[in-house]
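# Results of the structural survey
As a plain string of letters, each chain reads:
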Amino acid sequence: MSNVSISRPAALGGLGRTWVLALGTFAVGTDAFVLAGFLPDVAASLRSSTAGAGQAVTVFAAAYALSAPVVATVTARLPRRALLVAALVLLAVANAGSALAPDLPSLLVTRVLAAVGAAAYTPTAGAVSAALVRPELRARALAVVVGGLTVATALGVPLGGAIGAVMGWRAALGLVAALCLVTALAAGALTPPLPGGVPVPLRTRLAVLRRPGVAVVLPLTALGMAAAYTVYAFAVPALGALGVTGSGAVWALSAYGLGAVAGNLAAGFAADRIGPVRTLATGYTLMAVTMAAFALLAVTGVRAPAAVALLAVTWGAASWCQTPPQQYRLIEAATAQAPLLVALNSSAIYLGISTGTAVGGLTMSAGTGTTFAVATALALAALAWLSVTAGVTRR
């Protein structure tokens, strides 16, 4: 969510207009990871290796992480409706460019542009959704908008993979571009005029990183997401090495998505009940066990589709159970700067994703078992970091 103050319109309403904003976050979430559904096809089409094609996911995540605070600072004074529409148009153009990319360098350039559009859209959509509704509906409005990202994880990426299998990866990206353009038109028509706010200097935004609680929590976000995404961008070839191909891989990715939704919801509930540290410890333990089990299947050559499906669920749950408790810990560390910390946590998430994907690309040539083993080690490192630093923040 953005930390720019937005004046609320005179007539506040219900959740109706927030669904348009959620459609945009669904497009962003699908765009971020849809290429993971057909990396081998992308590699073959662009005359690159699978690891090379995986850079498309890496550069998107890295560009999002690095550009988000800069974009928020530069665009702070812009009217919110204009910023939403411009961001979605940029996403549409970038995805169209990706769909038409003749080679890997061209694809990477368009992925960077898409990441900048996503970094401009997602925090703004969250802030605008809270400004459009009555006070008693604000939390639900935020949940609707963030839910677009979660649903994209559960449905958008597997659906993109299915479309890619039938029509090709270029058609899948073209459909994402069309969805962004339709959402831009809807947002322009249905979102009321909302002014920008007073910009917060980038130096001020980053000064909060010096607070002890923040300084130990944000690296854990990056480390945990690196563990979760070491293999994800290469899920299709990794699943193929486990004997799960074609429609089976699509179903496995769907199982991952369902696990992600369940893990995210359960983590929010658990963080309130047993505390964020215990919730995170459970999640990292589950992730380490899941990655180790995948590694064992890969090394032994055992073909067990049912076990892979179950592990895909726990993989998704362990990956996406991290965000609610991590945000909880950050807000406890500096309550007055909560919106800024949530934005910085989003940057840390994408920095972790880009790092994990880069590590996965470097290890895939050594075998799927090795890549899963590295993911296991990263999950254990996250658990160790949590154990050492848990006392810095409360609970």
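The model shown is predicted, which means the values in this text are computed figures rather than measured ones.

## Remarks on the overall build of the protein chain
Counting its secondary structure elements, the protein chain contains 17 helices and zero strands. Among the 395 residues that make up the protein chain, the fraction classed as buried is 55%. In the protein chain, of all internal contacts separated by at least 6 residues, the share reaching a separation of at least 24 is 88%. Here the protein chain displays about 15100 Å² of accessible surface, and carbon together with sulfur accounts for 72% of that area.

## As for the packing of aromatic side chains
Scanning the model with the defined rule gives eight aromatic pairs in all. Each ring, one from Tyr 232 and one from Tyr 256, has its centre 4.7 Å from the other, and the planes form 35 degrees; the classification is tilted. Taken together, the residues Tyr 232 in the loop between α10 (212-229) and α11 (235-241) and Tyr 256 in helix α12 (residues 247-274) connect sequence positions 24 residues apart. Classification of Tyr 232 by relative accessible area gives buried; the value is 3%.

## A closer look at a nonpolar patch on the surface
Together, Val 89, Val 93, Leu 181 and Leu 185 make up a nonpolar patch on the protein surface, roughly 370 Å² of accessible area in all. At the level of secondary structure, the elements contributing two or more residues to the nonpolar patch comprise α5 (80-100) and α8 (169-190). With respect to the helices and strands, the residue Leu 185 is situated in helix α8.

## Quick look at the side chain of Gln 326
Inspection of the secondary structure assignment puts Gln 326 in helix α15 (residues 323-333). The buried category is assigned to Gln 326, whose relative accessible area is 1%. Of note is the side chain of Gln 326, whose polar atom sits 2.7 Å from the side chain of Thr 221. In this structure, Gln 326 is in contact with Val 217, Leu 220, Thr 221, Leu 280 and Asn 345, ignoring residues within four places of it in sequence.

## Thoughts on unusual backbone geometry
Glycine aside, a negative phi is what most residues show, and trans is what most peptide bonds show. Despite not being glycine, Arg 47 has its phi angle at roughly 55 degrees, a positive value. With respect to the secondary-structure elements, Arg 47 resides in the loop between α2 (39-45) and α3 (50-53).

## Description of the nonpolar core
Tyr 229 and Tyr 350 are the most contacted members of the largest nonpolar core, which totals 101 residues. Sort the elements by how many residues they give to this core and helix α6 (residues 104-132) lands first, with twelve residues. The residues touching Tyr 350, leaving out its near neighbours within four places in the chain, are Ala 32, Phe 60, Ala 61, Ala 62, Tyr 64 and Ala 65. In terms of nonpolar packing, the next biggest core, distinct from the first, is built from nine residues, Val 214, Val 217, Leu 341 and Ala 348 among them.

## Structural notes on the environment of Ala 266
Counting through the fold element by element, Ala 266 comes out in helix α12. For Ala 266, a relative accessible area of 44% corresponds to the partly exposed category. In this structure, the C-alpha to C-alpha distance between Ala 266 and Trp 320, residues 54 residues apart in sequence, is 9.9 Å.

## Observations regarding the packing of helix α13 (residues 276-300) against α15
For the pair α13 and α15, interaxial distance at closest approach is 9 Å and the crossing angle is 145 degrees. Handedness of the crossing formed by α13 with α15: left-handed. For the pair formed by α13 and α15, the contact residues are Pro 276, Val 277, Thr 279 and Leu 280 on the first element and Pro 325, Gln 326, Tyr 328 and Arg 329 on the second.

## Side note on the pattern of salt bridges
Evaluation of the coordinates by the stated rule reveals one salt bridge. The salt bridge partner of Arg 111 is Asp 31, with a shortest N-O separation of 2.5 Å. Placement of the pair is Arg 111 in helix α6 and Asp 31 in helix α1 (residues 18-33), with a sequence separation of 80 residues.

## Remarks on the confidence of the model for the protein chain
Parts of the model with low pLDDT should not have their predicted coordinates read in detail. Mean pLDDT for the protein chain: 84, with 87% of residues reaching 70 or above. Here residues 1-5 is a poorly scored stretch, pLDDT under 50, and it has 21 contacts once near neighbours within four places are set aside; other chains count.

## Some thoughts on α10
Spacing of three or four residues puts side chains on the same side of an α-helix, whose turn is 3.6 residues. Here α10 spans 27 Å end to end across 18 residues, near enough to the 26 Å set by a 1.5 Å rise per residue. The element α10 is largely enclosed, with a buried count of 14 among its 18 residues.

## Here we look at α6
In this model, α6 (29 residues) spans 41 Å end to end at C-alpha, consistent with the 42 Å of a helix rising 1.5 Å per residue. When you tally the buried positions in α6, you get 23 out of 29 residues, the bulk of the element.

## Focus on the side chain of Thr 389
Along the chain, Thr 389 falls in helix α17 (residues 368-389). Judged by relative accessible area, which is 8%, Thr 389 ranks as buried. Of the polar contacts made by the side chain of Thr 389, one reaches the backbone oxygen of Trp 385; its length is 2.7 Å. Dropping the residues within four chain positions of it, Thr 389 is found in contact with Val 216 and Arg 329.

Rules used throughout
- Along each chain, residues carry numbers from 1 onward, in the same order as the chain's sequence is written.
- Totals for whole chains, interfaces and linings use every residue, but because this is a predicted model, local features are given only for residues with pLDDT of at least 70 and side-chain atom pairs only at 80 or more, for both listing and counting.
- Water and hydrogen atoms were dropped before computing side-chain values, which therefore reflect all heavy atoms in the structure.
- For helices the rule is a DSSP run of H or I covering at least 4 residues; for strands it is a run of E covering at least 2, with both sets numbered from the N terminus onward.
- Only protein chains enter the area calculation, which uses a 1.4 Å probe; residues under 20% of their type maximum are buried, those over 50% are exposed, and those in between are partly exposed.
- Only heavy atoms matter for contacts: two residues are in contact if any of them lie within 4.5 Å across the pair.
- Methods summary: accessible areas were calculated by the Shrake-Rupley approach with a probe of 1.4 Å, and residue burial reflects only the protein chains presented.
- Each Phe, Tyr or Trp ring (for Trp, its six-membered ring) is paired with any other whose centre lies within 6.5 Å, and the angle between the two planes then decides the class: stacked below 30 degrees, edge-to-face above 60, tilted in between.
- Note that patches include only residues with greater than 30% relative accessible area and no salt bridge, and the join distances are 9 Å for like charges and 5 Å for nonpolar side chains (Val, Leu, Ile, Met, Phe, Trp, Tyr).
- We count a salt bridge whenever a side-chain nitrogen from Lys or Arg sits within 4 Å of a carboxyl oxygen from Asp or Glu.
- Side-chain atoms alone can form a polar contact between residues adjacent in sequence; in general such a contact is a pair of N or O atoms within 3.5 Å, and within protein one must be able to donate a hydrogen while the other accepts it.
- Nine residue types can take part in a nonpolar core, namely buried Ala, Val, Leu, Ile, Met, Phe, Trp, Tyr and Cys, and a core is a set of them joined through side-chain atoms within 4.5 Å.
- Axis definition: a line fitted to C-alpha atoms, limited for helices to the stretch in contact. Angles are taken between N-to-C directions and run from 0 to 180 degrees.
- Helix crossings fall into two classes, left-handed where the near helix is turned counterclockwise from the far one by less than a right angle and right-handed where it is turned clockwise.
- Known as pLDDT, the predictor's confidence for each residue is given on a scale from 0 to 100.
- Working rule for helices: expected span equals 1.5 Å times residues minus one.

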